[in-house]
Amino acid sequence: MARRFGRATSRCEEIQTHPRKMATSAVWLCLCLLFPSTAEAGLYTASDQIVLLTQENVESLLINSTAAMVVEFYASWCGHCVAFSPTYKALATDIKEWKPAVDLAAIDCADQENGEICKTYKVRGYPTIKFFHAYSKPDYEGLPFRDFSRNVQDLRHKILDKLETHGEPWPPACPPLEPTSQMEVDVFFETNDVKHLALIFEDATSYVGREVTLDLLQFESIAVRRVLNTEESLVTKLGVTEFPSCYLYYPGGNFTRLRVDIEARAFYSYALQRLPGVVRSGKPPPVSTELLKNNTEDPWRPFDKFRVYMADLESTLHYSLRVELGAQSVFQGRALTSLKAYISVLAKYFPGRTIVTNLLKDLNSWLQKQTGDRISYEAFKEKLENDAQSPNSTLPDGVRWVGCQGSQPHFRRYPCGVWTLFHVLTVQANGKGSDPQEVLRAMRSYVHNFFGCRECAGHFENMAAETLEQVNSLPTAVLWLWSRHNVVNNRLAGALSEDPQFPKIQWPPPDMCSACHAVKDNGEHTWNLTEVLKFLLTYFSSDRILTDYLESESQILEKQMEKHASQQVVHIAERHTERRAREALDFRKNPLETEPTVQEEEEEKGGEVEEEEEDPQDETAAEEEEEDEEDGLAGDMVGRSSEPAPWAKPEMELGRDRQQARKRPSFVRMRRDPQEDIVDLDSFVNQHYKAKALQMATSTRVKRRSLQRKEEPEPGPVFGLGMELGAGLGMVGLEPMDAGFDLDFARPRKRLQKRDVAGQYFGQEAELSHKGRLMSVLSIGFSKVDISLCVFLYFLSSLCLLVMYLFFKNRLRRRRPKISLP
């Protein structure tokens, strides 16, 4: 017994003397799991928690390693190896907590690159399992497992036998596996700094004590020792009458029995890991609920762990549809098919509130009607945000985690919400659906195409590819998703992503569903699938979902209306800015002949502010009137026949609404379109144009601006066309210009003045004014095509005259008589 106790001490010394070797092995293990090699083409992947051996890592993992290794040598073409692979995967999951004392590895000997390795270790048949001691020598070939069965428990027991007979040096991380004695228990707390000592009383043939000891290997503040039923002193002192049984021993000789539903390994391990102060190595202790409640940034929301919360489901939808799908600019191909399947199952089975289900149904109906091969996210977002403002249809914005909240912002939350959402959907489909794989296929394709964690998506794809096709009924679909969730929990237990407040466990635990757990005749834990299914159907049923911490539907709809209103204002402002930029560009290309008036200049100073406060309805009316002006001359004349004469209210020009001020002028062509009516231009001009000309005559003047503004006396009336108004002018065919025409188009000219205050404006203004007046005179009543045709004809006539002149001149020269010299 003393020798055994001394061995335990020597193991602690080994930990100190071989830190570099342990670090090297740990690094290799992490690299093998995070960056899988070409060995994944075989029967195993990194998702199976099995180290994949290759030529690059075999020496560092098997030679002089700080951990014992169990290696399967197999050939991927071997039928027996294929049949054995599920057992080996289950073994890796079962003893995951035994790392770093012992680990599992595999190598595919059918791979030509690995042929020399398998030959070196004298492998003759497949599958072959060998045990490699810690700190093995380069020439060590490993201990083969003889006549092993295809049973996880049998393999686990063989590993324990190899470990217990392990010689020196002992694996540094492995705790003592030998039975303890009364003397060692009495002095245990003098040499060990732990809070709990768990004593498992059993007979000599039982493996429970050793299994639980290794199950608690990665946890601090607790130690486990096995006590045989032959240790009469301890048995008598603690009053042990049942074997196996577990007792908690404390300093001073105090003890208490650990109460579990079934005296078995799984129940002992779960109960001991939940003792106060017991935490996984390297993890911070759980934060108290009081500290979580005092967090002002994201206050803690107390919740019932036996219920599902609608706040978690709606938060998951928000993040999924607005954030994760928002990362895609365009959906096409498989991504588009995946999107349609995902929205379809949500519309069918999501047990949400009326406003949410209405939105999902509208969204699904719109998606199914899309026949194109691609859909932009912007189009999808318009339907998601209900821009059409369908009644009672919206998805709450933002997240509010309750049952899925974590002790830190980077724990749980959205991944927890995704699992919860699809559990709920499978349960709802169990009562409403007909296709067993409908929800699971939608989840698989969504995770594959859209889930942000790509490594997680790869692991899930591996699981689905292996066993999803075995799902042939709706209850089986519910159980399949539950079992895969537990596989993921087992793989992530102890990872950095694990929340110490909510450790990864096999769910549901005994304290939530004791009937879900059972024990075989050999003492091995098993699940009672009938009870598990009953529990899942109850836990995720729609009538048990709590609506705590949710905003009322009326509040959500009110916020949606406010959001749409603000977006409309922004949209109108953007359109207004674009229109003004377009008008400024048009002015530069086609400058007007009229100069801004003093009153317009004064209005410009305050007009910029007024336009920002313009009512959206006025903007809409201005847009509509701009479209109406394109209907033609006939519509303009008919529409204005009932308006009062402009000279009746001269002050009305500046006070009129902005929508009329933005109308554009148009000229009456000499040729008319077939649909235009014949108009008496004399009467038309007498009625409309004289008033406009009078206004222009009284308002037009040349405005000069420099660093210091000077007002000059107004010159005499000058018409915009640079000529006196006469009766013959009306015969040319001018259409009357609108009252506010000068105001809007004078502003771009004023902005030119503002940008060039140093005096450059005078040259530009004179040039623009001269050019504008000249072009106006030339183009009265004519289109650009007409003017171009006239120019061309004038040029052709001139050319003909020139040719005729040259011809007759040359002919005359020839006919001139020649005088002969005598």
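## What to know about the overall build of the protein
Right, on to step 1. Helices and strands together make up the secondary structure of the protein, namely 32 helices and 15 strands.
Right, on to step 2. Classification of the 822 residues of the protein by burial places 47% in the buried group.
Right, on to step 3. The contacts of the protein with a sequence gap of at least 6 include a subset with a gap of at least 24, amounting to 76%.
Right, on to step 4. When the accessible area of the protein is evaluated, it comes to approximately 43000 Å², of which 55% is carbon and sulfur surface.

## Re the packing of aromatic side chains
Right, on to step 1. The full count for this structure, using the stated rule, is 31 aromatic pairs.
Right, on to step 2. With 6.1 Å between their ring centres and 20 degrees between their planes, Tyr414 and Phe451 make a pair best called stacked. Residue Tyr414 is located in helix 17 (residues 414-432), and its partner Phe451 is located in the loop between helix 18 (438-449) and helix 19 (454-467); the two are separated by 37 residues in the primary sequence.
Right, on to step 3. Of the residues examined, Phe451 reaches a relative accessible area of 12% and is grouped as buried.
Right, on to step 4. A connected cluster of aromatic rings, assembled from ring pairs, spans Phe331, Tyr342, Tyr377, Phe380, Phe422, Tyr446 and Phe450.
Right, on to step 5. Sitting over the face of the ring of Phe502, Arg412 holds its NZ or CZ atom 4.2 Å from the ring centroid.

## A word on helix 21 (residues 529-539)
Right, on to step 1. Turning to helix 21, its buried residues are Val532, Leu533, Phe535, Leu536 and Tyr539. Around the axis of helix 21, the buried residues are gathered within 160 degrees of arc, so they sit on the same side.
Right, on to step 2. Of the surrounding elements, those touching the buried residues of helix 21 are helix 17, helix 20 (474-492) and strand 15 (525-527).

## Overview of the packing of helix 17 against helix 20
Right, on to step 1. For the pair helix 17 and helix 20, the least separation of the axes is 8 Å and the interaxial angle reads 165 degrees. With respect to helix 20, the element helix 17 is oriented roughly antiparallel. Crossing of helix 17 against helix 20: the hand is left-handed. Contacts from Trp419, Phe422, His423, Thr426, Val427, Ala429 and Asn430 of helix 17 reach helix 20 at Leu474, Pro475, Val478, Leu481, Trp482, Arg484, His485 and Val488.
Right, on to step 2. Among the residues making up the contact of helix 17 with helix 20, the classes are represented as 10 nonpolar, four polar and one charged.

## Comments concerning the sheet that holds strand 1 (residues 51-52)
Through backbone hydrogen bonds, the strands of a sheet pair up, either in parallel or in antiparallel fashion.
Right, on to step 1. Reading across the sheet, the five strands line up as 1-3-2-4-5 and stay open at both edges, with mixed pairing between neighbours. For this open sheet the edge positions go to strand 1 and strand 5 (143-144), each flanked by a neighbour on one side alone.
Right, on to step 2. As defined by bridge partners, strand 2 (residues 68-74) adjoins strand 3 (residues 102-108) across seven bridges and the pair is classed as parallel. Bridge pairing in strand 3 links Met69 to Asp103.

## Thoughts on the pattern of salt bridges
Right, on to step 1. Summed over the entire model, instances satisfying the criterion amount to 26 salt bridges.
Right, on to step 2. Lys305 is paired through a salt bridge with Asp511; the nearest N and O atoms lie 3.5 Å apart. Here Asp511 lies in the loop between helix 20 and strand 14 (517-519) and Lys305 lies in the loop between helix 12 (289-293) and helix 13 (310-324), a separation of 206 residues in the sequence.
Right, on to step 3. Residue classification places Lys305 among the partly exposed positions, given a relative accessible area of 42%.
Right, on to step 4. We classify Asp511 as partly exposed; its relative accessible area is 43%.

## Some details on the side chain of Thr357
Right, on to step 1. By secondary structure assignment, the location of Thr357 is in helix 15 (residues 354-369).
Right, on to step 2. The exposure class of Thr357 is buried, given its relative accessible area of 16%.
Right, on to step 3. In this structure the side chain of Thr357 is engaged in a polar contact, spanning 3.0 Å, whose partner is the backbone oxygen of Thr354.
Right, on to step 4. In this view, Thr357 contacts Phe350 and Gly352; residues no more than four positions away in its chain are not counted.

## A word on the sheet that holds strand 10 (residues 255-257)
Right, on to step 1. Strands sit in the order 8-6-9-10 across an open sheet of four strands; the sheet is mixed. With partners counted over all chains shown, the strands left at the sheet margins are strand 8 (222-228) and strand 10, one partner each. On average, each strand axis in the sheet is inclined to that of its neighbour by 25 degrees, with strand direction left out of account.
Right, on to step 2. Two strands pair when backbone bridges link them, and strand 6 (residues 196-202) and strand 9 (residues 245-249) are joined in this way by five bridges, in the antiparallel orientation. Note on strand 9: the bridge partner recorded for Ala198 is Leu248.

## Some points on the pairing of strand 3
Right, on to step 1. Within strand 3, seven of the seven residues are buried, which leaves the element mostly enclosed by the surrounding structure.
Right, on to step 2. Along strand 3, one buried face is formed by Val102, Leu104, Ala106 and Asp108 and the opposite face, lined by Asp103, Ala105 and Ile107, is buried too.
Right, on to step 3. Inspection of the sheet shows strand 1 paired to strand 3 by two bridges, in the parallel sense. In the sheet register, Leu52 faces strand 3, and the bridge partner there is Ala106.

## Focus: the pairing of strand 6
Right, on to step 1. Burial within strand 6 is extensive, with seven of its seven residues counted as buried.
Right, on to step 2. Side chains His196, Ala198, Ile200 and Glu202 of strand 6 all project onto a buried face; the interleaved residues Leu197, Leu199 and Phe201 project onto the opposite face, where all are buried too.
Right, on to step 3. Sheet topology note: the strand 6/strand 8 ladder contains seven bridges and is parallel. When the sheet's bridge partners are listed, His196 is paired in strand 8 with Ile222.

## Describing unusual backbone geometry
Right, on to step 1. Put simply, Lys99 and Pro100 share a cis peptide bond, and its omega is 0 degrees.
Right, on to step 2. Its place among the elements puts Pro100 in the loop between helix 4 (79-94) and strand 3.
Right, on to step 3. Positive phi, close to 60 degrees, is recorded for Tyr135, a residue that is not glycine.
Right, on to step 4. Turning to its location among the elements, Tyr135 is positioned in the loop between strand 4 (128-132) and strand 5.
Right, on to step 5. Residue Tyr135 is classed as buried on the basis of its relative accessible area of 9%.
Right, on to step 6. Phi angles above zero are rare outside glycine, and Asn392 is one such case at about 50 degrees.
Right, on to step 7. Its place among the elements puts Asn392 in the loop between helix 16 (377-384) and helix 17.
Right, on to step 8. Here Asn392 falls in the partly exposed class, since its relative accessible area comes to 46%.

What counts, and where the lines are drawn
- Residues numbered from 1 in each chain as written.
- Predicted model: local features only at pLDDT ≥ 70, side-chain atom pairs only at ≥ 80, totals over all residues.
- Heavy atoms only, no water.
- Helix = DSSP H or I, 4+ residues; strand = E, 2+ residues; numbered from the N terminus.
- Buried < 20%, exposed > 50% of the residue type's maximum accessible area, 1.4 Å probe, protein only.
- Contact = heavy atoms within 4.5 Å.
- Areas by Shrake-Rupley, 256 points an atom, 1.4 Å probe, with all protein chains shown as cover.
- Phe/Tyr/Trp six-rings, centres within 6.5 Å; stacked < 30°, edge-to-face > 60°.
- Lys NZ or Arg CZ within 6 Å of the ring centre and 35° of its normal.
- Arc of directions from axis to C-beta.
- Axes fitted to C-alpha atoms, helices over the stretch in contact; angles between N-to-C directions.
- Parallel < 35°, antiparallel > 145°, perpendicular 65-115°, else oblique.
- Left-handed = near helix turned anticlockwise from the far one by under 90°.
- Nonpolar A, V, L, I, M, F, W, Y, C, P; charged D, E, K, R; others polar.
- Pairing = 2+ DSSP bridges.
- Salt bridge = Lys/Arg side-chain N within 4 Å of Asp/Glu carboxyl O.
- Polar contact = N/O pair within 3.5 Å; in protein donor to acceptor, adjacent residues only side chain to side chain.

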